[in-house]
Amino acid sequence: MTLDEQIQEVTTDIDEVKRLIDETNRPRIKQNLELQQQKFEKELIQLQEKLQKQQQQATDEAASNSAASARTQLYTKDISVYAWDQTDKFIKVYVQNLDGVGNLPENQIQCSFEKRGFHLQIQNLKNINYSLKRIHLLHDIQPDQSNFKVKKDMVILSLRKIESKNWECFLQDEKKTPMKPLPKLDNTKDSNESFMNMVEEMYEKGDDDTKRAIAKAWVQSKEKAHAAATTTNTQNDESMDSGIIKTPEFTFYPPPKK
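Residues numbered from 1 in each chain as written. Predicted model: local features only at pLDDT ≥ 70, side-chain atom pairs only at ≥ 80, totals over all residues. Heavy atoms only, no water.

Asker: An account of the overall build of the protein chain is needed here, citing residue identities and associated values.
Answerer: Along its length, the protein chain carries 5 helices and 10 strands. Evaluated residue by residue, the protein chain yields a buried proportion of 28% over its 258 residues. (Helix = DSSP H or I, 4+ residues; strand = E, 2+ residues; numbered from the N terminus. Buried < 20%, exposed > 50% of the residue type's maximum accessible area, 1.4 Å probe, protein only.)

Written out as C-alpha cells, the structure is:
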C-alpha cells in the first residue's frame, strides 16, 4: 500500500471514530473512542511527514540530475568572427549568426564594458554558452554610455567614443607601425667606413628586436669568416671577411672597395 493510500485509510478511520463519538452516550466508550482518535491523528501526522520527506527527496534528486545534465551538455564557445563599423560617436560591433538569440530571456545575455574593452556573454543558446571578450581597444570608450541590442539572430554592441575621431583599426595590436627609412651611406667617407656607420646608426635607433638581429648577424658573420680562415689557407683576406651582414628582415652588402 502506498503512502497516499495509507493516509486515505487513516483519514477515513478518524472520520468514523468522530461519527461514533457523536452518536454514543456512554462516557467510557466515548473516552476510549477519543483516545483512539488521538492515535489515528498521530499516525496520520507521521504518514504525512513521511510523504512530504519522500516528495522533497524526489524533487532534490530531479534538480540534481537536471543540473548534472546541464553541466554535461553545455560548453563555452569563444566568438572569433564579428564585424565592426563606426560613426562619429560610436563604434558598432556586429555579432552575427546567432540563430535564436532573440528568443532568449534577457538575463541570459549580458555585456560588461570597460575603459578599453568589453565582454559579451550569451548563456545556453541551443546548449552552447558564447563568449566574446576584447581588451586593448585602440582608444578609450565610455562604459556607462555603451550598450547592446539583441536582434533575431544577432547582437549589436554600441561602444561610445570619448573623442569623435576616426579609428584606423579596432584593437591596439592591429595598428601597423610605420617602417623607418634605412639610413643612407655617407658618400664623403670611405665606403667601408660609411657602411659601418650606417649599421651602427641602425643599431642605435632600432628597437630591441632590431638590435638583437644586428648583433647576432654580426657575430655569426665574424664566426663564419674565422672558420673559413682556419680551414682554407688559399682564401685571401677579402673573401674571409666579406662584411655581409644578414638578419631575418634584411641583408647588408657593403659597397665595393675602391
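Asker: Pulling in residues and values, what's your account of the nonpolar core?
Answerer: Membership of the largest hydrophobic core comes to 27 residues, with the highest contact counts inside it found for Phe118, Leu120, Ile122 and Leu159. Contributions of two or more residues to this core are made by strand 3 (90-95), strand 4 (109-114), strand 5 (117-122), strand 6 (128-134) and strand 8 (155-160). If we skip the residues at most four places from it in the chain, Leu120 touches Val95, Ile109, Gln110, Cys111, Tyr130, Ser131, Leu132, Val155 and Leu157. Counting residues in hydrophobic clusters, the runner-up holds 11 residues, among them Ile21, Phe40, Leu44 and Leu51. (Core = buried A, V, L, I, M, F, W, Y, C linked by side-chain atoms within 4.5 Å. Contact = heavy atoms within 4.5 Å.)

Asker: Can you explain unusual backbone geometry? Please cite residues and give values.
Answerer: Most of the time, phi is negative for any residue but glycine, and the peptide bond is trans. The phi dihedral of Asn97 is positive, around 60°, even though this residue is not glycine. You can see Asn97 is positioned in the loop between strand 3 and strand 4. For Asn97, a relative accessible area of 72% translates into the label exposed. The backbone of His136 shows a phi angle near 60°, a positive value even though the residue is not glycine. Looking at the secondary structure, you find His136 in the loop between strand 6 and strand 7 (147-150).

Asker: So, a negative patch on the surface: which residues are in play, and what are the values?
Answerer: Side chains of Asp4, Glu5, Glu9, Asp13, Asp15 and Glu43 sit close together on the surface and give a patch of like negative charge. Considering each element in turn, the negative patch owes the most residues, 5 residues, to helix 1 (residues 3-23). With respect to the helices and strands, the residue Asp4 is situated in helix 1. (Patch = residues over 30% accessible without salt bridge, like charges linked within 9 Å, V, L, I, M, F, W, Y side chains within 5 Å. Areas by Shrake-Rupley, 256 points an atom, 1.4 Å probe, with all protein chains shown as cover. Salt bridge = Lys/Arg side-chain N within 4 Å of Asp/Glu carboxyl O. Lys, Arg positive; Asp, Glu negative; His and termini not counted. Charge placed at Lys NZ, Arg CZ, Asp CG, Glu CD.)

Asker: If you had to explain the sheet that holds strand 2 (residues 83-86) to someone new, which residues and values would you point to?
Answerer: Spatially, the 4 strands line up as an open sheet ordered 2-3-8-7, and their pairing is antiparallel. At either end of the open sheet lies a strand with only one pairing partner, and these are strand 2 and strand 7. Going across the sheet, the axis of each strand differs from the next one's by a mean of 20°, ignoring polarity. (Pairing = 2+ DSSP bridges. Axes fitted to C-alpha atoms, helices over the stretch in contact; angles between N-to-C directions.)

Asker: Help me get a handle on the side chain of Asn129, residues and values and all.
Answerer: Relative to the helices and strands, Asn129 is located in strand 6. The class of Asn129 is buried, set by a relative accessible area of 13%. A distance of 2.7 Å separates the side chain of Asn129 from the backbone nitrogen of Asn124, its partner in a polar contact. Beyond its immediate sequence surroundings of up to four residues, Asn129 is in contact with Leu74, Tyr75, Thr76, Lys77, Ile122, Gln123 and Asn124. (Polar contact = N/O pair within 3.5 Å; in protein donor to acceptor, adjacent residues only side chain to side chain.)

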